[in-house]
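Listed below, chain by chain, are the residues.
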Amino acid sequence: MLQAFAVGALVAAVCAVLSCFLVLRGWSLMGDAVSHAVLPGIVVAYAVGLPLPVGAFASGLLCATATGWIKRHTRVKEDTVMGVVFTGLFALGLVLYTKTPSELHLDHILFGNLLGIEPAQLRQTAVLSLIVLAVVIALRRTFMLATFDPSQARALGFSIRKLDTALLVLLALAIVAALQAVGIILVIAMLVTPGATAFLLVRSFDRMLVVATAIAVGSTLSGIYVSYFANASSAACIVLVQATVFVAALCFAPGKGLLRSVPPTTNFTEN
Amino acid sequence: MSPPVSNELPLTLAAQQVSVTYPNGHTALSDATFTLTGGTICALVGVNGSGKSTLFKALMGFVTPTAGRVTIADAPVREAQRKGWVAYVPQSEEVDWTFPVSVEDVVMMGRYGYMNFLRTPRPVDREAVTAAIQRVGLSDLRKRQIGELSGGQKKRVFVARALAQQGRIILLDEPFTGVDVKTEEAIVTLLRELRAEGRLILVSTHNLGSVPEFCDQVVLINRTVLACGPTAEVFTAENLSRAFGGALRHFDLSHSTVEAHDGRQVTVLTDDERPLVLGQGGHLEYRDRAAHQKLVDEREAAKTTARDV
Ligand SMILES: Nc1ncnc2c1ncn2[C@@H]1O[C@H](COP(=O)(O)OP(=O)(O)OP(=O)(O)O)[C@@H](O)[C@H]1O
Ligand SMILES: [Mg+2]
């Protein structure tokens, strides 16, 4: 139980930090796409005896790069391409799963198994999460610049291609880490809702990161707690709590000033 | 602000036979060639769709020229960009105005090139940001979220960012559209100061009348470079009618009701703050003879200093 709390909180923090970038960049669907696309990778990795996270990472990244490539070479819009690519990969994963005799539990992959997580997986998840968290936090200002104003980033000689790729790799790693905890269906909620909620509440980017993380960790801990006593899926409970917080923010944040941080120096005189 | 440029040799920006064809097959620019050297304000003038923004994007490397090349100090633009030398103020900031950043956050982005990989601002960065915000007159609004500004104030934020970057080359794509006269004058004053510091400024504008007042050089374009050089040489009736075709309104005094009894004085009213007036044979007339003379003298002095360095 304690372990579940610790891992849940860590995964929530990683996803929350990434969610800020995804939400601001309009990449919410990308999180969905990459997470669904890991399924065939997991099945293939299992079949050939590779570590599952390696397969998951590879096919998640394949989805992202394939989307990028197709978008550059056709006139079809990115979200459309993504919709085709990730559902295709997900379907492929489902077919491979039914054709591969295995001891994998599909529902554990889809919905996670936080309370029944094994120590080895636990360590894996923890290490992966910590690495991703450290890198994203270290590079947060660079990623923020590339998200807010790509042309300024390029004017300073940064490569948008490289930064985008780096963010995608981090996203894929985070999804792999979160798989164990919440599964590939609900990880998208972890990758969108905290950022979206924080966006409603703050006016500075660093604060957005902090608020998103706080919301995500809080929701995760209370979600696990509820699920334990209600005997319901922990992933579902976590997502439910997050959604509730989002609705609350939606109702109370704008204009009301309930949580909105208006610096006292702000006034309406202009020079 | 510290003048980090003055003691270094002025940079040269050169476009050699640059052509740009967009993926849809439209050739927006062909065979554009010109060279500019630091310590100048150069106007980029042309009708809508003549390729001004395209030229800026080609200079910045945002679009890859289908032919030709752009160099800064005889090296690829990218090298100059890595050193933070090139600042760019885009035309329509394709910016998400709901983004949770304040005025000072945005201006700070001009300094990222000078910081370590964590982008932790040093005192010198904070000073540069404060000074830049002050120079565009936004000190009172520095903590504002950028979406909470007026159109002209938004524009000034991006000018401030270019200032904070202290680029040796500053490209401004129509900084005067949608700003009031006071702001335009403030920006022009800033540009003059930057020129005095030895920076190279390329600014596109539709405000023909103000060009002779603050730009010493002009690049006239219409899908290629029609003319480039000192303002007085480029801004002739012939060149302007080539660039603008029928788009400019003429008022020919000799065929008008203006007669000898009017003397040398007529009143010109235009919707634009500063009308462009061409004299006989199509040479430039300046509104203020003394101020123009002063400008010419200054430029001469600057040239002499540059030669001495
Ligand atoms: N992304 C694009 N794809 C295709 N054609 C483009 C693209 N951007 C611009 N063009 C075309 O290239 C030509 C030059 O456009 P550009 O934006 O450089 O003009 P401009 O001189 O900056 O005009 P304005 O004064 O209106 O700002 C136009 O005919 C325009 O339609
Ligand atoms: Mg333009």
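Residues numbered from 1 in each chain as written. Chains lettered and ligands numbered in written order. Predicted model: local features only at pLDDT ≥ 70, side-chain atom pairs only at ≥ 80, totals over all residues. Heavy atoms only, no water.

Asks: Honestly, the overall build of chain A in this entry has me stumped. Any pointers?
Replies: Looking only at helices and strands, one finds twelve helices and zero strands in chain A. Of the regular secondary structure in chain A, the N- to C-terminal order runs α-α-α-α-α-α-α-α-α-α-α-α. For chain A, whose C-alpha radius of gyration is 19 Å, the value lies close to the compact-globule estimate of 18 Å for 271 residues. In terms of principal-axis extent, the alpha carbons of chain A reach across some 70 × 50 × 30 Å. Taking contacts inside chain A between residues at least 6 apart in sequence as the whole, the part at least 24 apart equals 76%. Only carbon and sulfur atoms are counted for the fraction: they give 69% of the accessible area of chain A, which is about 12,200 Å². Side chains of chain A carry 16 positive and 10 negative charges; the gap between the two charge centres is 8 Å. (Helix = DSSP H or I, 4+ residues; strand = E, 2+ residues; numbered from the N terminus. Rg over C-alpha atoms; globule rule 2.2 N^0.38 Å. Contact = heavy atoms within 4.5 Å. Areas by Shrake-Rupley, 256 points an atom, 1.4 Å probe, with all protein chains shown as cover. Lys, Arg positive; Asp, Glu negative; His and termini not counted. Charge placed at Lys NZ, Arg CZ, Asp CG, Glu CD.)

Asks: Quick question: what am I supposed to make of the sheet that holds strand 1 (residues 12–21) of chain B here?
Replies: Across a sheet, strands are paired by hydrogen bonds formed along the backbone, either parallel or antiparallel in direction. Residue and element names in this part refer to chain B. Spatially, 2-1-4-5 is the arrangement adopted by the four strands of the open sheet, whose pairing is antiparallel. Edge positions in the sheet fall to strand 2 (27–37) and strand 5 (75–76), since each has one partner strand and no second. In the sheet, strand 4 (residues 67–72) pairs with strand 5 via two bridges, with the strands oriented antiparallel. By the bridge assignment for strand 5, Thr71 is matched with Pro76. Packed on one face of the sheet, helix 1 (residues 52–60) meets strand 1, strand 2 and strand 4 and runs near 115 degrees to strand 1. (Pairing = 2+ DSSP bridges. Axes fitted to C-alpha atoms, helices over the stretch in contact; angles between N-to-C directions.)

Asks: Sorry if this is basic, but what is going on with the site of ligand 1 here?
Replies: Residue and element names in this part refer to chain B. Around ligand 1 lies a shell of 15 residues, among which Asn48, Gly49, Lys52, Ser53 and Thr54 are the nearest. At 3.5 Å from a nitrogen atom of ligand 1 is found a side-chain nitrogen or oxygen belonging to Tyr22. Note that an oxygen atom of ligand 1 is positioned 2.9 Å from one of the backbone N or O atoms of Gly51. Contact with the protein chains covers 66% of the free accessible surface of ligand 1, which is 630 Å². For the shell around ligand 1, the element with the highest residue contribution is helix 1, accounting for three residues. Of the residues belonging to the shell around ligand 1, the class tally is three nonpolar, ten polar and two charged. (Near = heavy atom within 4 Å. Polar contact = N/O pair within 3.5 Å; in protein donor to acceptor, adjacent residues only side chain to side chain. Nonpolar A, V, L, I, M, F, W, Y, C, P; charged D, E, K, R; others polar.)

Asks: Is there a simple way to think about a nonpolar patch on the surface in this case?
Replies: Residue and element names in this part refer to chain A. The grouping of Met1, Leu115, Tyr225, Tyr228 and Phe229 at the surface amounts to a nonpolar patch, some 560 Å² of accessible area in total. Of note, Tyr228 is situated in helix 11 (residues 205–230). Judged by relative accessible area, Tyr228 falls into the partly exposed class, the value being 46%. (Patch = residues over 30% accessible without salt bridge, like charges linked within 9 Å, V, L, I, M, F, W, Y side chains within 5 Å. Salt bridge = Lys/Arg side-chain N within 4 Å of Asp/Glu carboxyl O. Buried < 20%, exposed > 50% of the residue type's maximum accessible area, 1.4 Å probe, protein only.)

Asks: Honestly, the sheet that holds strand 10 (residues 225–230) of chain B in this entry has me stumped. Any pointers?
Replies: Residues and elements named next belong to chain B. Read from one edge of the open sheet, six strands run 6-7-8-3-9-10, paired in mixed fashion. Taken across any chain shown, the strands that pair with only one partner, and hence form the sheet edges, are strand 6 (86–89) and strand 10. Taken pair by pair, the neighbouring strands of this sheet meet at an average axis angle of 15 degrees, ignoring direction. The strands that helix 1 touches are strand 3 (40–45), strand 6, strand 7 (169–173), strand 8 (200–204) and strand 9 (217–221); relative to strand 7, the one it contacts most, it runs at about 150 degrees.

Asks: Mind showing me how you'd approach helix 6 (residues 181–196) of chain B here?
Replies: Note that an α-helix has 3.6 residues per turn; residues three or four places apart therefore point the same way. Residues and elements named next belong to chain B. Given a rise of 1.5 Å per residue, 16 residues ought to cover 22 Å, and the 22 Å separating the end C-alpha atoms of helix 6 matches this to within 8%. All of the buried residues along helix 6 are Thr183, Glu184, Ile187, Val188, Leu190, Leu191, Leu194 and Arg195. What you see down the axis of helix 6 is that its buried residues fit within an arc of 160 degrees, all on one side. Facing away from the buried side of helix 6, by more than 90 degrees, are the exposed residues Lys182 and Ala196. Phi for Gly198, located one or two positions after helix 6, is positive at around 95 degrees. (Expected span 1.5 Å × (residues − 1). Arc of directions from axis to C-beta.)

Asks: Help me out: how do you make sense of the nonpolar core in this one?
Replies: Proteins that are soluble and globular tend to have nonpolar side chains buried together. Within the largest apolar cluster, 141 residues are counted, with the highest numbers of intra-cluster contacts made by Phe205(A), Val45(B), Val107(B), Tyr112(B), Leu191(B), Leu220(B) and Phe235(B). When residues in this core are grouped by element, the largest group, 19 residues, is from helix 9 (residues 160–190) of chain A. Of the residues that make up this core, three or more belong to each of domain 1 (1–85 + 170–250) and domain 2 (95–166) of chain B. Apart from the residues lying within four places of it in its own chain, the contact partners of Val107(B) are Val129(B), Ala132(B), Ile133(B), Val157(B), Ala160(B), Arg161(B) and Ala164(B). (Core = buried A, V, L, I, M, F, W, Y, C linked by side-chain atoms within 4.5 Å. Domains from an automatic or database assignment.)

Asks: Please explain the pattern of salt bridges as it appears in this structure.
Replies: For side chains bearing opposite charge, pairing can occur when the charged atoms are close. The final tally for this structure, using the stated rule, is twelve salt bridges over all chains. Across the pair Asp216(B) and Arg195(B) runs a salt bridge, and its minimum N-O distance is 2.9 Å. You can see Asp216(B) sitting in the loop between helix 7 (211–214) and strand 9 and its partner Arg195(B) sitting in helix 6, a full 21 residues away along the chain. The burial state of Asp216(B) is the same as that of Arg195(B); both residues are buried. The network of salt bridges with shared partners includes Arg140(A), Arg141(A) and Asp206(A).

Asks: It is not clear to me how the domain arrangement of chain B should be interpreted in this structure. Could you clarify?
Replies: Often, the extent of an interface is quoted as the loss of accessible area upon association of its parts. Residues and elements named next belong to chain B. Entries for chain B in the domain assignment read domain 1 (1–85 + 170–250) and domain 2 (95–166). Using only C-alpha atoms to locate each centre, domain 1 and domain 2 end up separated by 24 Å. At the interface, 19 residues of domain 1 touch 13 residues of domain 2. Carbon and sulfur atoms make up 61% of the surface buried where domain 1 meets domain 2, a total of about 1,300 Å² over both sides. Across the domain 1-domain 2 interface, the total number found is one salt bridge. Across the salt bridge formed by Glu193 and Arg135, the nearest N and O atoms sit 2.8 Å from each other. Across the domain 1-domain 2 interface, the total number found is five residue pairs in polar contact (both at pLDDT 80 or more). (Buried area = accessible area lost by both parts, 1.4 Å probe.)

Asks: It is not clear to me how the coordination of the magnesium ion (ligand 2) should be interpreted in this structure. Could you clarify?
Replies: For the magnesium ion (ligand 2), the protein coordination sphere consists of Ser53(B) (OG) and Gln91(B) (OE1), at 2.0 to 2.3 Å. One end of the pair, Ser53(B), is in helix 1; the other, Gln91(B), is in the loop between strand 6 and helix 3 (103–108), and 38 residues separate them in sequence. (Donors = N, O, S within 2.8 Å, 3.2 Å for Na, K, Ca; no water.)

Asks: Mind showing me how you'd approach the layout of surface pockets here?
Replies: Where empty space is left becomes clear once a probe the size of a water molecule has been rolled over the atoms. One number sums up the size of the second largest pocket: a volume of about 1,100 Å³. Taken together, 39 residues make up the lining of the second largest pocket; nearest its centre are Arg72(A), Arg154(A), Ile160(A), Arg161(A) and Asp164(A). Counting residues per element, the ones that place at least two in the lining of the second largest pocket are helix 1 (2–25), helix 3 (52–73), helix 7 (140–148), helix 8 (150–155) and helix 9 of chain A together with helix 1 and helix 2 (77–82) of chain B. With eight residues, the single largest contributor to the lining of the second largest pocket is helix 3 of chain A. Here the residues of the lining of the second largest pocket are counted per class, giving 21 nonpolar, ten polar and eight charged. (1 Å grid on protein atoms, 1.4 Å probe; cavity = no way out; pocket = protein on both sides within 12 Å on 5 of 7 lines; lining within 4 Å. Points joined across faces, edges and corners; volume = space filled by probe spheres on them.)

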